[in-house]
Amino acid sequence: MSAEQSQRMVALKYTEEALHLATAVRDEWIRQGHTRLVVELEPAMADLTKALTILRDDHGARWRAAGQPLEYVHQTLYRMSRPELAKTLQHTVLANDEVSKHRPTISGGSAPT
């Protein structure tokens, strides 16, 4: 397994766990009748699902595109600032860290003339 494949698998693991944790929190909020919180959390869960779809594509050369939905999840969870979502946020950050490792850098140099 290449280093890139290994990174994708680690990101996948963290993202799956983040979705599992978010689902458990959402289910508890539904039982408690916290409809507003459920509505706020739903877009983040949709973005986690999007990221999982991208990361699960074994033949996808663009798995790093999962970084965008993961970033949206991070922003949503951070804004919600709910202690019961802390582990979900942590796993999202870890997944995004794996996705963003070894990205090609953009050189600030000038083009040859």
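Residues numbered from 1 in each chain as written. Predicted model: local features only at pLDDT ≥ 70, side-chain atom pairs only at ≥ 80, totals over all residues. Heavy atoms only, no water.

A. Expanded view of the pattern of salt bridges. By the definition in use, this model includes 9 salt bridges. The closest approach of N and O atoms between Glu28 and Arg31, which form a salt bridge, is 2.9 Å. With Glu28 and Arg31 both in helix α1 (residues 3-32) and 3 residues apart, the pair spans about one turn of that helix. For Glu28, a relative accessible area of 31% puts it in the partly exposed group. We note a salt bridge from Arg82 to Glu84, for which the minimum N-O separation is 3.1 Å. The class of Arg82 is partly exposed, set by a relative accessible area of 30%. With relative accessibility at 33%, the residue Glu84 sits in the partly exposed group. (Salt bridge = Lys/Arg side-chain N within 4 Å of Asp/Glu carboxyl O. Helix = DSSP H or I, 4+ residues; strand = E, 2+ residues; numbered from the N terminus. Buried < 20%, exposed > 50% of the residue type's maximum accessible area, 1.4 Å probe, protein only.)

B. Fine view of the side chain of Thr76. Structurally, Thr76 is set in helix α3 (residues 67-80). Assessed through its relative accessible area of 11%, Thr76 is described here as buried. The contacts of Thr76, once residues within four sequence positions are left out, are Glu40 and Ala44. (Contact = heavy atoms within 4.5 Å.)

C. Up close: helix α4 (residues 86-100). Over its 15 residues, α4 runs 21 Å from end to end, which matches the ideal 21 Å to within 8%, given 1.5 Å per residue. Residues of α4 that are buried include every one of Thr88, Leu89, His91, Thr92, Ala95, Asn96, Glu98 and Val99, and no others. Residues of α4 that are buried make contact with α1, α2 (35-56) and α3. (Expected span 1.5 Å × (residues − 1).)

D. Spatial organisation of the packing of α3 against α4. It is the contact of α3 with α4, at a shortest axis distance of 9 Å, that shows an interaxial angle of 155°. Taken together, α3 and α4 sit at an angle that is classed as roughly antiparallel. As α3 packs across α4, the resulting crossing turns out to be left-handed. Contacts between α3 and α4 involve Gly67, Leu70, Glu71, Val73, His74, Leu77 and Tyr78 from the former and Thr88, Leu89, Thr92, Val93, Ala95, Asn96 and Val99 from the latter. When grouped by side-chain class, the residues that make up the contact of α3 with α4 number 8 nonpolar, 5 polar and 1 charged. (Axes fitted to C-alpha atoms, helices over the stretch in contact; angles between N-to-C directions. Parallel < 35°, antiparallel > 145°, perpendicular 65-115°, else oblique. Left-handed = near helix turned anticlockwise from the far one by under 90°. Nonpolar A, V, L, I, M, F, W, Y, C, P; charged D, E, K, R; others polar.)

E. Region of the structure containing the confidence of the model for the chain. Taken residue by residue, the chain gives an average pLDDT of 88. The fraction at 70 or more is 89%. Note on residues 104-113: pLDDT is under 50 here. Beyond four places in sequence and across chains, it has 0 contacts. (pLDDT = per-residue confidence, 0-100.)

F. Summary view of the packing of aromatic side chains. Enumeration according to the criterion identifies 0 aromatic pairs in this entry. A cation sits over an aromatic face here: Lys13 above Tyr14, 4.6 Å from the ring centre. (Phe/Tyr/Trp six-rings, centres within 6.5 Å; stacked < 30°, edge-to-face > 60°. Lys NZ or Arg CZ within 6 Å of the ring centre and 35° of its normal.)

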